Amino acid sequence: VRPGGGGTSPRSSRPRGLKPVCRAYGILGFVRFLDCYYLTLITRRAKVGSIGGNSIYTIKSTETFPLKPAERDSGHDGGDDGADPGGVLLSMWNRGKRSVGLGLSNREIAELRYQGLYQVVDLAKNFFFSYTYDLTRSLQENFLAMTSRPVPPAPYKDMYAW
């Protein structure tokens, strides 16, 4: 979700609230490089089978979102009243330079490199999940767990989760 949806404030015409960015079927995880944390969501899935009535899915696509405050243009508050045209042009120039990779610090270049390496990981291949069935345990272990019903349920096997 992004700020900006959900109506307007009675005192201003600026939108407030949250608006959806994408539809997600699960959270794959969080990762942090140098700049901020990133949230990776499952955006497409496909049912590949079922075990004991529990659906098993594979990931078809994911999307990664940075978790950091939105960048605001300095000197421009969204209205034209009193905004410095030179400041707006300078802001547009700086964004244009950054979009083609000019004027980036070594840290920003490294962040982009890490993002690229992370995007190369193919999470859509040989990755399965279920909402109701523990895929980290064997069929026998899951069957025994269902018949004995331990409280609380046994934790996942850390061999398959990281």
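Residues numbered from 1 in each chain as written. Predicted model: local features only at pLDDT ≥ 70, side-chain atom pairs only at ≥ 80, totals over all residues. Heavy atoms only, no water.

**Digging into the environment of Asn-54**
Argument step 1. Of note, Asn-54 is situated in strand S5 (residues 54–67).
Argument step 2. Residues Asn-54 and Ser-130 lie 76 residues apart in sequence; the distance between their C-alpha atoms is 7.3 Å.
Argument step 3. Asn-54 has contacts with Gly-49, Ser-130, Thr-132 and Tyr-133, leaving out every residue within four places of it along the chain. (Helix = DSSP H or I, 4+ residues; strand = E, 2+ residues; numbered from the N terminus. Contact = heavy atoms within 4.5 Å.)

**Quick word on the pairing of strand S3 (residues 26–32)**
Argument step 1. Here six bridges tie S3 to strand S4 (residues 37–51), and the two strands are oriented antiparallel to one another. Across the sheet, the residue bridging to Ile-27 is Leu-41, located in S4.
Argument step 2. Between S3 and S4, which pair antiparallel and follow one another directly, the connecting turn spans four residues. (Pairing = 2+ DSSP bridges.)

**Section: the sheet that holds S4**
Argument step 1. Spatial strand order, S3-S4-S5-S6: four strands in an open sheet with antiparallel pairing. At either end of the open sheet lies a strand with only one pairing partner, and these are S3 and strand S6 (128–129).
Argument step 2. Sheet analysis places S4 next to S5, joined by 13 bridges and oriented antiparallel. Bridge assignment links Thr-40 to a residue of S5, and that residue is Thr-64.
Argument step 3. Each of S3, S4 and S5 is contacted by helix H2 (residues 106–120), which is oriented at about 0° to S4, the strand it contacts most. (Axes fitted to C-alpha atoms, helices over the stretch in contact; angles between N-to-C directions.)

**Some remarks on the pattern of salt bridges**
Argument step 1. Counted under the stated rule, the structure contains three salt bridges.
Argument step 2. The shortest N-O distance in the salt bridge between Asp-35 and Lys-68 comes to 3.0 Å. Linking Asp-35 in the loop between S3 and S4 with Lys-68 in the loop between S5 and helix H1 (85–99), this pair joins segments that are 33 residues apart in sequence.
Argument step 3. One salt bridge in this structure joins Asp-134 and Arg-137, with 3.7 Å as the shortest N-O distance. (Salt bridge = Lys/Arg side-chain N within 4 Å of Asp/Glu carboxyl O.)

**Here we look at the confidence of the model for the protein**
Argument step 1. Scored by pLDDT, the protein comes out at a mean of 74, with 60% of its residues at no less than 70.
Argument step 2. pLDDT under 50 marks residues 73–82. Its contacts with residues more than four places away, or in other chains, come to seven contacts. (pLDDT = per-residue confidence, 0-100.)

**A look at a nonpolar patch on the surface**
Argument step 1. A surface patch of nonpolar side chains, about 430 Å² in accessible area, is lined by Val-48, Ile-51, Phe-128, Leu-135 and Leu-139.
Argument step 2. Secondary-structure assignment places Leu-135 in the loop between S6 and helix H3 (139–148). (Patch = residues over 30% accessible without salt bridge, like charges linked within 9 Å, V, L, I, M, F, W, Y side chains within 5 Å. Areas by Shrake-Rupley, 256 points an atom, 1.4 Å probe, with all protein chains shown as cover.)

**Some remarks on the environment of Gly-49**
Argument step 1. Checked against the element boundaries, Gly-49 lands in strand S4.
Argument step 2. With a relative accessible area of 25%, Gly-49 lands in the partly exposed category.
Argument step 3. Leaving out residues up to four positions away in the same chain, Gly-49 has contacts with Asn-54, Ser-55 and Ile-56. (Buried < 20%, exposed > 50% of the residue type's maximum accessible area, 1.4 Å probe, protein only.)

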